[in-house]
Amino acid sequence: MAGEPVSVPEWQTLTGEQTRRWTEVLDHLVAVLPPGAATVVVDGGTPHSAVVAERLADTLHRLGRPCARLTDTTPLADEDSWHTDRTPDTVAIADGPRWRARPPTGKWDVVIWLRTPPVDPTAHRSGGNGCDVVVDLHDPGWPVIRQIADRLASLERWYLSESRAFFAIRAATWDTRFGDDLPAYRAAVTEARLPADGVAVDIGCGTGRALPALRHAVGPNGTVIGLDITPQMLASAATHSRDAAATLVLGDARHLPFGDATVDVIFAAGLITHLPDPEAGLLELARTTRPGGRLVLFHPSGRAALAARHGRTLDPDEPLAEAPLRRSTLHSGWQLTSYDDSEHRFLATATRQSN
Ligand SMILES: C[S@@+](CC[C@H](N)C(=O)[O-])C[C@H]1O[C@@H](n2cnc3c(N)ncnc32)[C@H](O)[C@@H]1O
């Protein structure tokens, strides 16, 4: 919903958890700045950009790094004020679209974009294009980094903490928001015809909504494992007693803690598009699956419905579009055997090829 932006809470009104979240994000941002003199602009999410620029400057000061602030109200013609004070190591931090359009040294070293709910939902929102860092600030108490350009930092530096933070805040209310979808999960698992007594793993199991259906499908002698990267999601799965249907494992889909060819069926709902490299993810899923084993990719809404819910238009190149998925499964050791992207569900299945 559009409306007045919710302001970023003052430090003193944040909870302990929110303070740690803000601090973690600011530390990540400072860590990716180039050494020595650098120019940084924070844009998007007005008026949040000024607050984030201010907090970034405070963090630099705390770390003893010289820093000059160019604010949205600093006259653009008065650039000398920061030239006068600066040292060879001064980081200049500006905010707002005016400064973004006019880098003092010809080009910004780092452009940070704040992603917030649109004040006008019909407005074109291309400001994030070409930015080096994207911070989701839909919840101003809970910033989450969604992207950092490879040239600034390797994914391994920030992916785990930020991916977890993105889902951690959603775990407690996940089933209240999406609980109605349970019959669709049951139907998808039934349709996939899992082998009785087999080993089924739900990767990115979240609160475990598919786990009872998977247990029912493989029977009491089968093995069901629910794996997720976010501890809060697994805690919520246990709260819903879904640990009675499966063993819950904290782990990363990109480095599965299972041996080669040990799994009969991999179920993954809503996971692939959250992986930074979907094809590499499919390759890791293939590694653990025995030849002839199955992959079931599911979502309780079709891609078009999901895109509409998130205010996006459908992209024919996205990983779950049919042609890219056919390609990436083939390249990663799977053969796509069915593909259904209707309004009320996405269900694609693939079979593990022999090496
Ligand atoms: C959109 S949610 C779907 C949850 C659940 N499958 C469902 O359908 O309700 C995506 C889940 O994938 C998990 N996830 C994201 N990246 C992951 C990774 N690299 N390894 C394992 N789980 C991951 C998240 O923690 C989250 O629980």
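Higher on the page you've got the structure.
Predicted model only: the values in this text are computed from it and were never measured. (Residues numbered from 1 in each chain as written. Predicted model: local features only at pLDDT ≥ 70, side-chain atom pairs only at ≥ 80, totals over all residues. Heavy atoms only, no water.)

**Student:** What is the right way to look at empty space enclosed by the protein in this model?
**Tutor:** Over the atoms rolls a probe the size of a water molecule, and its path tells where empty space is left. Enumeration according to the criterion identifies one cavity of 30 Å³ or more in this entry. Looking at the largest cavity, its volume works out to about 40 Å³. In this structure, the largest cavity is lined by Trp22, Val25, Leu26, Leu29, Val52, Val135, Leu137 and Pro143. The element that contributes the greatest number of residues to the lining of the largest cavity is helix α1 (residues 16-32), accounting for four residues. Residues belonging to the lining of the largest cavity are distributed by class as follows: eight nonpolar, no polar and no charged. (1 Å grid on protein atoms, 1.4 Å probe; cavity = no way out; pocket = protein on both sides within 12 Å on 5 of 7 lines; lining within 4 Å. Points joined across faces, edges and corners; volume = space filled by probe spheres on them. Helix = DSSP H or I, 4+ residues; strand = E, 2+ residues; numbered from the N terminus. Nonpolar A, V, L, I, M, F, W, Y, C, P; charged D, E, K, R; others polar.)

**Student:** Would you explain the sheet that holds strand β2 (residues 67-70) in this entry?
**Tutor:** Sheets are built from strands that pair by backbone hydrogen bonding, the pairs being arranged parallel or antiparallel. Pairing in this open sheet of six strands is mixed, and the strands run β2-β3-β1-β4-β5-β6 from one edge to the other. Two strands close off the open sheet at either side, each with one partner strand: β2 and β6 (144-148). Ignoring which end each strand starts from, the neighbouring axes of this sheet average 20° apart. In the sheet, strand β4 (residues 110-115) pairs with strand β5 (residues 133-136) via four bridges, with the strands oriented parallel. In the strand pairing of β5, Ile112 is matched with Val133. Contacts from α1 reach β4, β5 and β6 within the one sheet, and its direction differs from that of β6 by about 20°. Where helix α2 (residues 48-62) meets the sheet, it contacts β1 (38-43), β2, β3 (91-95) and β4, and its direction lies at approximately 165° from that of β3. (Pairing = 2+ DSSP bridges. Axes fitted to C-alpha atoms, helices over the stretch in contact; angles between N-to-C directions. Contact = heavy atoms within 4.5 Å.)

**Student:** Looking at this structure, how should I read the sheet that holds strand β13 (residues 345-352)?
**Tutor:** Across the sheet, which stays open at both edges, the seven strands sit in the order β9-β8-β7-β10-β11-β13-β12 with mixed pairing between neighbours. Each of the sheet's edge strands pairs with one partner strand only, and the pair in question is β9 (247-250) and β12 (334-342). Strand after strand, the sheet turns through a mean of 15° between neighbouring axes, direction not considered. By the bridge criterion, six bridges tie strand β10 (residues 263-269) to strand β11 (residues 289-299) in an arrangement that is parallel. Along β11, the bridge assignment pairs Val265 with Arg294. Against the sheet, helix α12 (residues 322-331) engages β11, β12 and β13, with an angle of about 160° to β12.

**Student:** Looking at this structure, how should I read the pattern of salt bridges?
**Tutor:** Two side chains carrying opposite charge are able to pair once their charged atoms lie near each other. Using the criterion set out here, one finds 20 salt bridges in the structure. Asp181 is the partner of Arg209 in a salt bridge, and the nearest nitrogen-oxygen pair spans 3.6 Å. In this pair, Arg209 sits in the loop between β7 (199-203) and α8 (211-218) while Asp181 sits in the loop between α6 (174-178) and α7 (182-191), placing the two residues 28 residues apart along the sequence. By relative accessible area, Arg209 is classed as buried at 8%. One connected set of salt bridges, linked through shared partners, spans Arg303, Arg312, Glu318 and Asp341. (Salt bridge = Lys/Arg side-chain N within 4 Å of Asp/Glu carboxyl O. Buried < 20%, exposed > 50% of the residue type's maximum accessible area, 1.4 Å probe, protein only.)

**Student:** Sorry, what's going on with the nonpolar core here?
**Tutor:** The nonpolar side chains of a soluble globular protein tend to be buried with one another. Ranked by size, the top nonpolar core spans 31 residues in total, and within it Leu29, Val40, Leu56, Ile93, Ile112, Val133 and Ile148 carry the most contacts. Listed by contribution, the elements that provide at least two residues to this core are α1, β1, α2, β3, β4, β5 and β6. The element best represented in this core is α1, accounting for six residues. Once residues lying within four places of it in the same chain are set aside, the contact partners of Leu29 are Leu56, Ile112, Val133, Val135 and Ile145. Counting 28 residues, the second largest nonpolar core, distinct from the first, contains Tyr159, Leu256, Leu285 and Ala286. (Core = buried A, V, L, I, M, F, W, Y, C linked by side-chain atoms within 4.5 Å.)

**Student:** Is there a simple way to explain the site of the ligand in this structure?
**Tutor:** Close contacts around the ligand come from 21 residues, with Tyr185, Gly204, Asp228, Thr230 and Ala253 the closest. Tyr185 is positioned with one of its side-chain polar atoms (N or O) 2.4 Å from an oxygen atom of the ligand. Between the ligand and Ala253 there is a distance of 2.8 Å, counted from a nitrogen atom to a backbone nitrogen or oxygen. Look at the ligand: alone it shows 590 Å² of surface, and the protein chains cover 97% of it. Considering every element that reaches the shell around the ligand, the biggest residue donor is helix α5 (residues 159-171), with three residues. In the shell around the ligand, the residues fall into eleven nonpolar, seven polar and three charged. (Near = heavy atom within 4 Å. Polar contact = N/O pair within 3.5 Å; in protein donor to acceptor, adjacent residues only side chain to side chain. Areas by Shrake-Rupley, 256 points an atom, 1.4 Å probe, with all protein chains shown as cover.)

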